[in-house]
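# An overview of the molecular structure
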Amino acid sequence: MIDRESKIYIPGHKGLVGSAIVRKFLSEGFSNLILYDSKSFDLRDQKKVEELFETESPEYVIIAAAKVGGILANNLFRAEFIYDNLMIEANLIHNAFKHKVKKLIFLGSSCIYPKITSQPIKEEQLLSGYLEKTNEPYAVAKIAGIKLCENYFRQYDSNFYSVMPTNLYGPNDNFDLKSSHVLPALIRKIHEAKENNADEIEVWGTGKPRREFLYVDDLADAIFYLFENIDARDIYSKNISHLNIGTGQDLSVSELAELIKKTVGYAGNIRYDVTKPDGTPRKLLDVSRIHQLGWKHKTSLEEGIKETYEWFVNNYKL
Ligand SMILES: NC(=O)c1ccc[n+]([C@@H]2O[C@H](COP(=O)([O-])OP(=O)(O)OC[C@H]3O[C@@H](n4cnc5c(N)ncnc54)[C@H](OP(=O)(O)O)[C@@H]3O)[C@@H](O)[C@H]2O)c1
């Protein structure tokens, strides 16, 4: 058991993932959390990050800060996606090493895997093929983060490791259509279509790509489980560089849209704009390793979408 008084720094605590991690750690009795938003600390600033570690001396770090976005943002802001993410993770991981942090967990995402690869994707398939072009800058930065953790462990025995969650959704999600991921974008579009009595909505791509979705509170539960029970050695000794976190189940974008239509209560049509890119055809994680380590997700997609839609209706300012 990790001491409940421990100082835990959670960069990115206001985001989708960070806020779920904070909820989970508070509910488990950890109240000594170090929380700064991007306005008070720009994590791209090397000097400021160093000062933060000197003043606060965190014992544990869970990195949920990153520049994150959907296919449109990733493709448009390619330079920012690689630069911001490289700077954020390098500053945090290097300072965690310098200040002898006891454990660090870095969050990547499933876009690190090759565009064309066998499914479900095992951890070993990292760097076995070409990346999807639209999110290549983001994926390269995330792979660098994994390799930073792995190599601080290999050279200095730092207890740092990475987890790769599948697509996430839940309360505090990004519903801005210019930068959101597919699930929150569909929730917003379908909700607005219902409110405006629109006959149909338009969705990018063919609707055929298959995706896996994990409710963000389940991810926070997995991170808490790993934080308490798993060290870097347990991962790297299996000759893998990180751990997948997902449900092990996927569905097509069109099936997802139908599920959201049902939850929202919208009877209109969905028109697929096939001139727009689909992204990777299928992305399903092999989650057998985390299952073997003793963790499994709890929330079904139906339940998770219901919770997320309720949050959207009650909290999101359109
Ligand atoms: N969303 C998904 O589907 C998904 C899937 C798999 C993995 N992940 C991973 O989970 C992590 C978090 O993603 P998320 O969805 O929670 O993103 P998010 O909601 O956009 O939150 C990202 C957080 O990072 C902070 N941040 C960004 N740039 C910063 C900077 N320069 N300095 C300080 N803080 C900065 C933001 O702080 P402010 O709010 O204060 O601006 C924000 O709280 C990422 O590593 C991502 O790869 C996400």
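Small disclaimer: the values here were computed from a predicted structure and weren't measured.

## Remarks on helix H9 (residues 253-264)
Between its first and last C-alpha, H9 extends 16 Å over 12 residues, near the 16 Å set by a 1.5 Å rise per residue. What H9 keeps buried is the set Val253, Leu256, Ala257, Leu259, Ile260, Lys261 and Val264. Packing partners of the buried residues in H9 comprise helix H6 (182-195), strand E7 (200-204), strand E9 (213-215), strand E11 (251-252), strand E12 (269-273) and helix H11 (301-315). Note on H9: the residue one or two positions beyond its end, glycine 265, has a positive phi of about 85 degrees.

## A few points about the site of the ligand
Taken together, 26 residues form the shell around the ligand, and within it Leu16, Val17, Ser38, Tyr138 and Lys142 come nearest. Within the backbone of glycine 15, a nitrogen or oxygen atom sits 3.1 Å from an oxygen atom of the ligand. Leucine 107 has a polar backbone atom sitting 3.1 Å from an oxygen atom of the ligand. Burial of the ligand by the surrounding chains reaches 84%, relative to a free accessible area of 890 Å². Secondary structure elements with two or more residues in the shell around the ligand: helix H1 (16-27), helix H5 (136-156) and strand E6 (167-169). Here the residues of the shell around the ligand are counted per class, giving 13 nonpolar, 8 polar and 5 charged.

## Details of the sheet that holds strand E13 (residues 282-283)
Spatial strand order, E11-E8-E13: 3 strands in an open sheet with mixed pairing. Across the chains shown, the open sheet's two edge strands, defined by having one partner strand only, are E11 and E13. As defined by bridge partners, strand E8 (residues 210-211) adjoins E11 across 2 bridges and the pair is classed as antiparallel. Within the sheet, the bridge partner assigned to arginine 210 lies in E11 and is serine 252.

## Let's talk about a nonpolar patch on the surface
A cluster of nonpolar side chains, namely Leu72, Leu76, Phe77 and Trp204, defines an oily patch on the protein surface of about 370 Å² accessible area. Residue position: leucine 72 is located in helix H3 (residues 71-76). For leucine 72, a relative accessible area of 32% puts it in the partly exposed group.

## Describing the layout of surface pockets
Space inside the second largest pocket adds up to approximately 150 Å³. What lines the second largest pocket is a set of 16 residues, among which Phe213, Thr247, Gln249, Ser300 and Leu301 lie closest to the centre. Of all the secondary structure elements, the ones that give two or more residues to the lining of the second largest pocket are E9 and H11. Examining the composition of the lining of the second largest pocket, we find that 3 residues originate from one element, E9, more than from any other. Taken together, the residues of the lining of the second largest pocket break down into 6 nonpolar, 5 polar and 5 charged.

## Some points on the packing of aromatic side chains
Under the definition given, this model contains 19 aromatic pairs. Between phenylalanine 81 and tyrosine 138, the aromatic rings sit 5.9 Å apart at their centres with planes inclined by 70 degrees, giving edge-to-face as the arrangement. Placement of phenylalanine 81 in helix H4 (residues 78-98) and of tyrosine 138 in helix H5 is noted, with a sequence separation of 57 residues between them. For the pair phenylalanine 81 and tyrosine 138, a shared accessibility class is recorded, and that class is buried. Cation over ring: lysine 48 sits above phenylalanine 41, and NZ or CZ is 5.2 Å from the ring centre. Over the ring of phenylalanine 227 we find lysine 103, and its NZ or CZ is 5.9 Å from the ring centre.

The rules we used
Residues numbered from 1 in each chain as written. Predicted model: local features only at pLDDT ≥ 70, side-chain atom pairs only at ≥ 80, totals over all residues. Heavy atoms only, no water. Helix = DSSP H or I, 4+ residues; strand = E, 2+ residues; numbered from the N terminus. Expected span 1.5 Å × (residues − 1). Buried < 20%, exposed > 50% of the residue type's maximum accessible area, 1.4 Å probe, protein only. Contact = heavy atoms within 4.5 Å. Near = heavy atom within 4 Å. Polar contact = N/O pair within 3.5 Å; in protein donor to acceptor, adjacent residues only side chain to side chain. Areas by Shrake-Rupley, 256 points an atom, 1.4 Å probe, with all protein chains shown as cover. Nonpolar A, V, L, I, M, F, W, Y, C, P; charged D, E, K, R; others polar. Pairing = 2+ DSSP bridges. Patch = residues over 30% accessible without salt bridge, like charges linked within 9 Å, V, L, I, M, F, W, Y side chains within 5 Å. Salt bridge = Lys/Arg side-chain N within 4 Å of Asp/Glu carboxyl O. 1 Å grid on protein atoms, 1.4 Å probe; cavity = no way out; pocket = protein on both sides within 12 Å on 5 of 7 lines; lining within 4 Å. Points joined across faces, edges and corners; volume = space filled by probe spheres on them. Phe/Tyr/Trp six-rings, centres within 6.5 Å; stacked < 30°, edge-to-face > 60°. Lys NZ or Arg CZ within 6 Å of the ring centre and 35° of its normal.

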